Amino acid sequence: MKKIALAAALSVAATTAFAGGMAEPVMEPAVVEAGASSSGGIVLPLLLLVAVAAAVAAN
């Protein structure tokens, strides 16, 4: 009798885990920065090149 009660309790507990069914995945929208420019990584090397050229021209 105890085994039957235990089996009934476990089967009830197992079925409540699937009560909600499969939920649709929620995807968050991608964040796009409006202030970024494509030439952001080239400014520093160009300034360094101008500084070296100015130092060479001064000598």
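On a predicted model such as this, the values are computed, not experimentally measured, just so you know.

Student: It is not clear to me how the overall build of the chain should be interpreted in this structure. Could you clarify?
Tutor: Broken down by element type, the chain carries two helices and zero strands. Taking all 59 residues of the chain together, 0% fall into the buried category. Just so you have it, the chain exposes about 5,900 Å², and 73% of that area is on carbon and sulfur atoms.

Student: I tried to follow helix 2 (residues 43–58) on my own but got confused; where do I start?
Tutor: Owing to its 3.6 residues per turn, the α-helix aligns residues three or four sequence positions apart on the same side. Spanning 16 residues, helix 2 covers 23 Å between terminal C-alpha atoms, matching the ideal 22 Å at 1.5 Å per step. The buried fraction of helix 2 amounts to zero of the 16 residues, a small share that puts the element mostly on the outside.

Student: Quick question: what am I supposed to make of a nonpolar patch on the surface here?
Tutor: Side chains of Ile42, Val43, Leu46, Leu47 and Leu49 sit close together on the surface and give an oily, nonpolar patch of about 480 Å² of accessible area. Position of Leu46 among the secondary structure elements: in helix 2. On the basis of relative accessible area, Leu46 is assigned to the partly exposed category, the value being 47%.

Procedures and definitions
Residues numbered from 1 in each chain as written. Predicted model: local features only at pLDDT ≥ 70, side-chain atom pairs only at ≥ 80, totals over all residues. Heavy atoms only, no water. Helix = DSSP H or I, 4+ residues; strand = E, 2+ residues; numbered from the N terminus. Buried < 20%, exposed > 50% of the residue type's maximum accessible area, 1.4 Å probe, protein only. Areas by Shrake-Rupley, 256 points an atom, 1.4 Å probe, with all protein chains shown as cover. Expected span 1.5 Å × (residues − 1). Patch = residues over 30% accessible without salt bridge, like charges linked within 9 Å, V, L, I, M, F, W, Y side chains within 5 Å. Salt bridge = Lys/Arg side-chain N within 4 Å of Asp/Glu carboxyl O.

Honestly, that's just the spatial picture; any functional story needs more than this.
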